[in-house]
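The lines below spell out each chain.
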Amino acid sequence: MEIIVKTIIDEIDIKEWSDFVSTHPKGSVFQTPQMFRCYERTPGQTPFIVGAYQNTKLVGILVAVIIREKGFLKSRFSSRSIITSGPIVRNDDARILEILLREYDDAVGRQVIYTQIRNQYEQLSNCDVFRNHGYRFEPHLNYLIWLDSEENIWGRIGNGRTKHIKTAQKNGLYVDVYGPGALKLAPQQLHEGFDVILEVYRRAGLPLVDCAQIEAANEEGLLRMFVVRTKDGEMAGCRFGLSFGKSLYGWYAGSRSRYYSLFPNDLLIWETLRWASANGYEVFDYGGAGSPNKAYGVRCFKSQIGGELIDPGRWEKVHKLLKMYIGRLGYALYRYCKKMTNKLSR
């Protein structure tokens, strides 16, 4: 039967879209109408959607966000499109997936340097469809932590980390949780948490999403914020998580460097898992562990928290090869200069 595609948001029924994502085995928060609205409200980001219909029924969805950095040169050499979790289709139907990708490439391909599909689940059943559209697979790891019981979660954490958690507690650190089902999140607390994450990303020489997206996620009811505090109530670290059904996604997290000796990151992940388990979540998605072919300190930390290592990988398609090489060279130089500046300022 004929497949019809729609790319105009007003032509897509929001409830049908939401129900399709929430009931699909590979559905995630990043494919929801709520997240689409978060992208709309974020400076430098433009969301794009393709819906596939058969007999007037939604059978496939693809949500992408086109990202352009501020500044003339940055916008020219860094424009990209990210499809987090990938497109989802009824019964993993290759024909529907092929139609979604073709429509997407025709509409977005000329606007960006490259497209990256960041899988949260394996897409092995349809590898040929992606490859036929010019996408190349790259391994990319992640950890899933199953939230069966507090006792079992604790038992799977490495001995070194449990020792640090106990030390953090002895140091007087504690964690507050904000959002639906927890404490009310005030704008001032959200902005203070964002400043913590911003410090972490600047130290690493990494770009960070505009705070407007985190504010929008909070207003959409998606956000859960976990705050590590000192015994004096000072914010030592925080995590912004995204809630979707029985899953909690670890979006952004970090701590202020001056508190590292108190082990705030160790307590932060433990209290995140403990709260999530007690509040009916079944899995914590740790939000990525990097390429298996590159050293990654964050992966070392995450590997000691008792999760299941998976490799959902990423699909990438380059639309403008020369611009991509220039952009990545510039970004590598920017990160190097940032790290050198941070070292000299210590």
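Everything discussed here concerns the structure shown above.
Reading guide: rules and limits
- Residues numbered from 1 in each chain as written.
- Predicted model: local features only at pLDDT ≥ 70, side-chain atom pairs only at ≥ 80, totals over all residues.
- Heavy atoms only, no water.
- Phe/Tyr/Trp six-rings, centres within 6.5 Å; stacked < 30°, edge-to-face > 60°.
- Buried < 20%, exposed > 50% of the residue type's maximum accessible area, 1.4 Å probe, protein only.
- Lys NZ or Arg CZ within 6 Å of the ring centre and 35° of its normal.
- Helix = DSSP H or I, 4+ residues; strand = E, 2+ residues; numbered from the N terminus.
- Contact = heavy atoms within 4.5 Å.
- Pairing = 2+ DSSP bridges.
- Axes fitted to C-alpha atoms, helices over the stretch in contact; angles between N-to-C directions.
- Core = buried A, V, L, I, M, F, W, Y, C linked by side-chain atoms within 4.5 Å.
- Expected span 1.5 Å × (residues − 1).

Caption draft 1: Examining the packing of aromatic side chains more closely. In the structure shown here, the tally under the stated rule is twelve aromatic pairs. Pairing F284 with Y286 gives two aromatic rings, centres 5.3 Å apart and planes at 65°, and the pair type is edge-to-face. Y286 gets classed as buried once you look at its relative accessible area, which sits at 4%. Every member of this aromatic cluster is reached through a ring pair, and the members are F130, Y135, F137 and W315. Positioned above the aromatic ring of Y53, the side-chain terminus of K6 is 4.5 Å from the ring centre.

Caption draft 2: Representation of the side chain of Q45. Tracing the backbone shows Q45 in strand β2 (residues 45-54). Residues within four places of Q45 in sequence aside, it is in contact with Y39, V65, I66, I67, V209 and Q213.

Caption draft 3: View of the sheet that holds strand β11 (residues 235-244). Overall, mixed pairing links the seven strands, which are arranged β9-β10-β11-β12-β13-β8-β14 in an open sheet. In the strand order of this sheet, the two ends are held by β9 (174-178) and β14 (308-310), each with one partner. Going across the sheet, the axis of each strand differs from the next one's by a mean of 25°, ignoring polarity. Relative to strand β13 (residues 283-285), strand β12 (residues 247-255) runs parallel, the two being bridged by three bridges. By the bridge assignment for β13, S247 is matched with V283.

Caption draft 4: Spatial organisation of the nonpolar core. In this structure, W17, I61, I214, F240, L242 and W251 are the most contacted members of the largest nonpolar core, which totals 45 residues. Dropping the residues within four chain positions of it, F240 is found in contact with L190, G193, F194, I197, I214, L223, R224, M225, Y249, G250, W251 and Y252. In terms of nonpolar packing, the next biggest core, distinct from the first, is built from 29 residues, V177, V228, L248 and I305 among them.

Caption draft 5: Spotlight on helix α10 (residues 264-278). A rise of 1.5 Å per residue sets the reference length of α10, with its 15 residues, at 21 Å; its end C-alpha atoms lie 21 Å apart and thus fit the reference within 8%. Listed in full, the buried residues belonging to α10 are P264, D266, L267, L268, I269, W270, E271, T272, L273, W275, A276 and S277. Immediately downstream of α10, the backbone of G280 shows phi near 90°, a positive value.

Caption draft 6: A look at unusual backbone geometry. Positive phi, normally seen in glycine, also occurs at N55, with a value near 55°. The residue N55 is located in the loop between β2 and β3 (57-67) in this model.

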